Every structure is written in C-alpha cells, then in structure tokens.
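# Structural overview for review
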Amino acid sequence: MTTPDTAGSARDLFRRSYGAEPVGTWSAPGRANLIGEHTDYNDGFVLPFAIQHRTHVALAPRGDGIIRVVSTFDDSAVEVPLSDLDALFPTRRDEVVEWARYPLGVAWALLAASGTPADEVAGVDLAFASGVPVGAGLSSSAAIEGATAVALAENWGLELDRVALAQAGRRAENEAVGAPTGIMDQMASMLGRADAAIFLDCRSLDTRVVDLGFEAAGLDLVVIDTRVSHSHSTGGYGDRRAACERGAAIMGVPALRDLSVADLARAAELMDDVTFRRVRHVVTEDQRVLATVRLLSEEGPAAIGDLLVASHASMRDDFEISVPELDTAVDTALAAGAIGARMTGGGFGGAAIALIARDRVERLTDAVTAAFAASGFARPSIFTVTPSAGAARDA
Ligand code: GLA
C-alpha cells in the first residue's frame, strides 16, 4: 500500500545515491479499469480511474547532459548522456536494463514530442520509489512514466499538455520497453480525479470525467491481486492485438471500434472461430462501456454489476485472457455478495476488482482468501482502492 511517505523514500534514496538534495518530488498514480478491456488499441472506449497508490520521483538538475536513474525496486542504477537516447531507442533498447527503459524512454519521447534537441536541456538525477504493486495489473508502469513525464516537463520547461505527456508515456512503453499496449493506462494516470473515472474515447482522445459515487452509495471497490505475474512485452497480449487487427482487416474497417453488434453475424461468416471470438469481445465490450457510463449517471453505481460480470465472462470465454486464479477471485467475490466483479487490466494474471457494500468487504476478503488456499493458489493480496487524482508535483 502507498503510505504518505513513498515521497520520503524517493527523497531518501536520492540523498543516498547522489549525495545531494532534490529540488522536489513529483508523483503519478497506478490505475484500475472499471470496464473496457482491450478496447483501447482498437480505437474504442474505456472507463479507468487512478488509484491512491502512487510512484514518486525526486529530481535535481545536473550541470552536464547526463540523465541518471535509481529506484527502490531495482538495484541497478543507470546513467546515459541525453544525446545518446536517440541512438538507444528503439533499436538498441536491449542495452538498457528493463526497468530503466521506462524513465529513459519517457525522457527520449518527451524531447522528440516537443522538438527539443538533447543539448538544449539540463542533465537530471532521478530517484524513484513505487507505492504501486508491481505486476498486479494496476499499471505500475504508467505510474513511473507519468511521474517521469510531469517531473521532466516542468524542469525542462516543455510546453506539452497532459494528453501529450500521456502519449510520451505510451511511446516509451511501446518503443523503449517493447510492450504493444494502448493509451488507457497513461491517460488514467495523467488525468485521474477523486471519486471519478475517466471516460476516454481512444480514437479522438476526448475525455469526460464520470462521477462514480461509490462513497455515497456505501460501496467499496476491492482489488484482489492474484500474485500471478504477467508481462505485456511477450506472448499473449501481442497475439490478442494481432487477432483484433486481423479481424478489422477482414471486415474492411480501420479498427474494431467501427463495428457494431449488428455486424457480428457477418463477421462470424467471414473469419475463423478464434478471430471471431476476439472480435466479439471487443465489439461487445465497447457497448458495455457505453452502457456503464449511461447507468452510472441514470441509476448510480449499484446498477452496473451485471455489466462487470458480463465483461469478465467475455474475457474468459471469448478473449481467453483470464486464468483460474482470476476466475476464482471473481466467482468467490460474487458468492460473497459483490454487486459485480471482473478481472482488470491486460490479463494473464494480475488483479480482479469487485464492487461490494462496504460492510461486506471483510466477508469477501475471508472468502477469497479461503478459496485460494483450498485451490492451492498463492495467498492473494486484497485491498480497497479509492479513485484518486492524477500526476502532479507533490506538495
Ligand atoms: C494493459 C495495457 C492497456 C490496455 C489493457 C487492457 O493494461 O497497458 O493499454 O490494453 O492492458 O485493456
């Protein structure tokens, strides 16, 4: 869990590593996605929110043109001349230790996006401390990217708005890290608001703040981290993305966003069963996001449970990205009284979310913990998340 002192850890690490005081700390949150999974890179709709867990970075400028990074979550420190970033990314990224590709990739993408030559900005020392659980499907990566982006943009005086900062984060993830992800996580981390979700059209990048009203309805949003770790740089994530692109090409549309439920009958005739089911997940998931936004405003959060459950079933059966631990988490949460539950994030591990009355959270926690033990799964980590503000300079 984030304690108020993750910022303090970043500052302490800074002093220990560099023997100097930082000029400030900046931070960005992880995210949970309420609904809209694997729709972002299909130009579709998503409804994520930033969580209270944040990654903090302490920073000070340097007199030369070197960028140095250290973190509390990896022993390796890296230093690179800013003028070398262009040669490293994307082709020689393997020369950089994996965790450092995130902040260095953001530095590279920010300079490119703002058209700033590397020799026109000061070098920087950065020290990171993460309060976002890593590998839990809560986007610890977007939190590092977001913290780096706001810290560097301010120090370098770059005129980039929040969407441009999110895009730099995504570019780092795609090209410097090599994970073919969409824009959802970075937008959520950059634009998050307290007690609200961000409704995002991933084609236009238009956003709308959607009130969640969990507090007023007496509901909690519980995260069940299965501890099954996953990586989106390899394997399943890229395969799913490729299947979506194949499906769109067969249907003759730029992206699956352009299909409606009425097109599915024709899709079933034109493509193999696996591709069709991948397409059906995305097309129906887009509709579920729109329905969730509508229900939240018309009836409130207690009304969205069936949509969450349908989303999980679609990911389990059509998109095939769930794992037994996630299914057990969802089924047990529902049996323990959750209004709705689903896996959140890219899948193949990570976390499930459950929406449940506050006075039943303990019952859910006990039931899920017991069900995992009975199945021989690792002990899950279960905690409540609160929709929170996006990336910012710390006070
Ligand atoms: C990961 C990616 C996102 C998105 C989700 C699935 O979190 O980083 O871009 O594709 O998976 O919805």
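Above: the structure in question.
A few points on the structure. (Residues numbered from 1 in each chain as written. Predicted model: local features only at pLDDT ≥ 70, side-chain atom pairs only at ≥ 80, totals over all residues. Heavy atoms only, no water.)

What follows deals with the site of the ligand. The full set close to the ligand counts 13 residues, and Glu37, His38, Asp40, Asp185 and Tyr237 are the nearest of them. Between an oxygen atom of the ligand and a side-chain N or O atom of Asp40, the distance comes to 2.5 Å. In this structure, Tyr237 approaches the ligand through a side-chain N or O atom, which is 2.5 Å from an oxygen atom. When the free accessible area of the ligand is taken as 310 Å², the share hidden by the protein chains comes to 98%. When residues of the shell around the ligand are sorted by domain, at least three fall in each of domain 1 (6-209) and domain 2 (213-385). (Near = heavy atom within 4 Å. Polar contact = N/O pair within 3.5 Å; in protein donor to acceptor, adjacent residues only side chain to side chain. Areas by Shrake-Rupley, 256 points an atom, 1.4 Å probe, with all protein chains shown as cover. Domains from an automatic or database assignment.)

Turning our eyes to something else, we now look at the pattern of salt bridges. All told, the structure shown has 23 salt bridges when counted by the stated rule. Between Asp220 and Arg358 there is a salt bridge, and its shortest N-O distance comes to 2.9 Å. Here the residue Asp220 occupies a position in strand β9 (residues 219-225), and Arg358 occupies one in the loop between β11 (351-357) and α12 (361-375), the gap between them amounting to 138 residues. In this structure Asp220 comes out as buried when scored by relative accessible area, which is 13%. Judged by relative accessible area, Arg358 falls into the partly exposed class, the value being 35%. Across the salt bridge formed by Glu320 and Arg277, the nearest N and O atoms sit 3.3 Å from each other. Here the residue Glu320 occupies a position in the loop between α10 (305-317) and α11 (324-335), and Arg277 occupies one in helix α9 (residues 273-298), the gap between them amounting to 43 residues. Note on Glu320: relative accessible area 36%, which makes it partly exposed. (Salt bridge = Lys/Arg side-chain N within 4 Å of Asp/Glu carboxyl O. Helix = DSSP H or I, 4+ residues; strand = E, 2+ residues; numbered from the N terminus. Buried < 20%, exposed > 50% of the residue type's maximum accessible area, 1.4 Å probe, protein only.)

Okay, the side chain of Ser141 next. Counting through the fold element by element, Ser141 comes out in helix α4 (residues 140-156). According to the relative accessible area criterion, Ser141 is buried, its value standing at 14%. Of note is the side chain of Ser141, whose polar atom sits 3.5 Å from the side chain of Glu173. In this structure Ser141 touches Tyr102 and Glu173, once residues within four positions along its chain are discounted. (Contact = heavy atoms within 4.5 Å.)

Another aspect to go through is the sheet that holds β11. Taken in spatial order, the four strands make up an open sheet running β10-β11-β9-β12, and their pairing is antiparallel. Looking along the sheet, the strands with just one partner apiece sit at the ends: β10 (340-344) and β12 (381-385). Neighbour to neighbour, the strand axes of the sheet diverge by 25 degrees on average, direction disregarded. In this structure, β10 lies alongside β11, joined through five bridges in antiparallel fashion. Pairing of Met343 across the sheet is with Ala352, part of β11. (Pairing = 2+ DSSP bridges. Axes fitted to C-alpha atoms, helices over the stretch in contact; angles between N-to-C directions.)

This part covers the pairing of strand β1 (residues 24-33). Among the 10 residues of β1, 10 are classified as buried, and the element is accordingly described as predominantly covered. One ladder, built from nine bridges, connects β1 with strand β3 (residues 48-62); its direction is antiparallel. By the bridge assignment, Ser27 is partnered in β3 with His56. Bridging between β1 and strand β13 (residues 392-393) involves two bridges; their strand directions are antiparallel.

The side chains of a regular strand alternate between the sheet's two faces. With seven of its eight residues buried, strand β6 (residues 123-130) lies for the most part within the structure. In this structure, strand β4 (residues 66-71) lies alongside β6, joined through five bridges in parallel fashion. Bridge pairing links Ile67 to Val124 in β6.

Another aspect to go through is the packing of helix α5 (residues 162-177) against helix α6 (residues 184-191). At their nearest, the axes of α5 and α6 sit 8 Å apart, and the two run at 140 degrees to each other. Regarding the angle of α5 to α6, the classification is oblique. Judged by the sense of rotation from one axis to the other, the crossing of α5 with α6 is right-handed. Touching Arg162, Val163, Leu165, Ala166, Gly169, Arg170 and Glu173 of α5 are Gln186, Met187, Met190 and Leu191, all from α6. Looking at the contact of α5 with α6, its residues break down into six nonpolar, two polar and three charged. (Parallel < 35°, antiparallel > 145°, perpendicular 65-115°, else oblique. Left-handed = near helix turned anticlockwise from the far one by under 90°. Nonpolar A, V, L, I, M, F, W, Y, C, P; charged D, E, K, R; others polar.)

At a minimum axis distance of 9 Å, the contact between helix α3 (residues 98-114) and α4 shows a crossing angle of 45 degrees. Comparing their axes, α4 and α3 come out oblique. In the crossing of α3 with α4, the sense of the turn from one axis to the other is right-handed. Residue-level inspection shows Tyr102, Pro103, Val106, Ala107, Leu110 and Leu111 of α3 in contact with α4, the latter providing Ser141, Ile144, Glu145, Thr148, Ala149, Leu152, Ala153 and Trp156. Of the residues in the contact of α3 with α4, the class split is 11 nonpolar, two polar and one charged.

Attention shifts here to unusual backbone geometry. Cis geometry marks the peptide bond from Phe89 to Pro90, where omega comes out at -5 degrees. By secondary structure assignment, the location of Pro90 is in the loop between α2 (85-88) and α3. Although it is not a glycine, Asp195 sits at a positive phi angle of roughly 55 degrees. Among the structural elements, Asp195 can be located in the loop between α6 and β7 (196-201).

With respect to topology, six strands assemble into an open sheet ordered β5-β4-β6-β3-β1-β13, the strand pairing being mixed. Here the strands that pair on one side only, and so sit at the sheet edges, are β5 (78-81) and β13. The strands touched by helix α1 (residues 6-18) are β1, β3, β4 and β6; relative to β6, the strand with the most contacts, the crossing angle is about 135 degrees. Along the sheet face, α4 touches β1, β3, β6 and β13 and points at about 145 degrees away from the line of β1.

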